[in-house]
Each structure stands twice: as C-alpha cells, then as structure tokens.
Amino acid sequence: MTVACLDSQLDSYELTEWMVIEKMTGPLGRRRGDIQAATIAAAIANANRGKGGRKFKVADFLIPYGGSGRKSPQQMLAAVKDINRSLGGVEHGRNPDG
C-alpha cells in the first residue's frame, strides 16, 4: 500500500490507535522482525562464545537505519563510491567532480 493510499484510508483517530498499540507492544512490522532476529542471533552467539569471551547484546546484531539525518547528493554519491570500492568495483566514465 502506498503512503497516499494509506493517507486516504486512515484517519487520525485510527493512526493514533496504532501508535498507542505500538507503544504498548513494541515496534510493529520490519523493525520488530529485526529485533526478534537480533535476539536469536545474540542468544546463539552467547551460547557459543568461549569462556571469558565478551557477552553479546541484542544491539550488536541490530541493523542501523538512518539516524544521521538527510544526506546531500554528494554524501550519497560518496557512500555509493565507498561501497563500490569495498566490493572491488572500479569506477568508469567521467568524473562528475571535475
């Protein structure tokens, strides 16, 4: 469902209800699945760590989303170039910076 479709079908009262449910039960949707998977991963890692090894936390296995705010086009391009380089990619074509 698109945001526009959701906006046309969901009034503010129902949205508020869903926000309250999420506050009471924890995150809904993909984020909840990430937390569940991270909990299992932490349990497995802790069960298999050596004596005296560091104890893993759920947060060690959570995927970070956003957090740093909106990025400029230059920052996004730099991030793509970093990913390309880290995967062994080579940049071809003109250089947009000069």
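Above this text is the structure in question.
Counting restarts for each chain, with residues numbered from 1 along the sequence as it is written. Under the rules for a predicted model, residues below a pLDDT of 70 receive no local features and side-chain atom pairs below 80 are neither given nor counted, while totals for whole chains, interfaces and linings still include all residues. Side-chain metrics in this entry use all non-hydrogen atoms of the structure; hydrogen atoms and water are not considered.

Peer 1: What's the story with the overall build of the protein chain in this structure? I'm lost.
Peer 2: For the purposes of this entry, the term helix denotes a DSSP run of H or I that reaches at least four residues, the term strand denotes a run of E that reaches at least two, and both are numbered from the N terminus. Along the backbone of the protein chain there are four helices and zero strands. The order of helices and strands in the protein chain, counted from the N terminus, is α-α-α-α. In this setup the radius of gyration rests on C-alpha atoms only. A globule is expected at 2.2 Å times the number of residues raised to 0.38. Taken against the 2.2 N^0.38 rule, which gives 13 Å for 98 residues, the C-alpha radius of gyration of the protein chain at 21 Å runs more than 25% over that of a compact globule. Its C-alpha atoms give the protein chain principal-axis dimensions of about 55 × 50 × 20 Å. Each residue is assigned to one of three classes by its accessible area relative to the maximum for its type, calculated with a 1.4 Å probe on protein chains only: buried under 20%, partly exposed between the two thresholds, exposed over 50%. Buried residues in the protein chain amount to 6% of all 98 residues. Side chains of the protein chain carry 14 positive and 10 negative charges; the gap between the two charge centres is 13 Å. In this charge count, Lys and Arg are treated as positive and Asp and Glu as negative; neither His nor the chain ends contribute. Think of each charge as sitting on NZ of Lys, CZ of Arg, CG of Asp or CD of Glu.

Peer 1: How should I be thinking about the pattern of salt bridges in this particular structure?
Peer 2: Pairs can form between side chains of opposite charge once their charged atoms are near each other. Take a side-chain nitrogen of Lys or Arg and a carboxyl oxygen of Asp or Glu: if they are within 4 Å of each other, that pair is a salt bridge. Within the structure shown, the criterion is met by three salt bridges. In this structure, Arg-54 and Asp-60 form a salt bridge, with 3.1 Å as the shortest nitrogen-oxygen distance. Judged by relative accessible area, which is 36%, Asp-60 ranks as partly exposed. Residue Asp-82 is joined to Arg-85 by a salt bridge in which the shortest nitrogen-to-oxygen separation is 2.5 Å. Taken together, the residues Asp-82 and Arg-85, both in helix H4 (residues 73–86) and three residues apart, mark about one turn of the helix.

Peer 1: What's the story with helix H3 (residues 30–47) in this structure? I'm lost.
Peer 2: Here the expected length of a helix is defined as 1.5 Å per residue gap, with one fewer gap than residues. Spanning 18 residues, H3 covers 26 Å between terminal C-alpha atoms, matching the ideal 26 Å at 1.5 Å per step. All buried positions along H3 are accounted for by Asp-34, Ala-38, Ala-42, Ala-45 and Asn-46. Looking straight down H3, one finds that the buried residues subtend no more than 90 degrees of arc, so they occupy a single side. Opposite the packed face of H3, turned more than 90 degrees from it, sit the exposed residues Ile-40 and Ala-47. Along the arc lie the directions from the helix axis toward the C-beta atoms.

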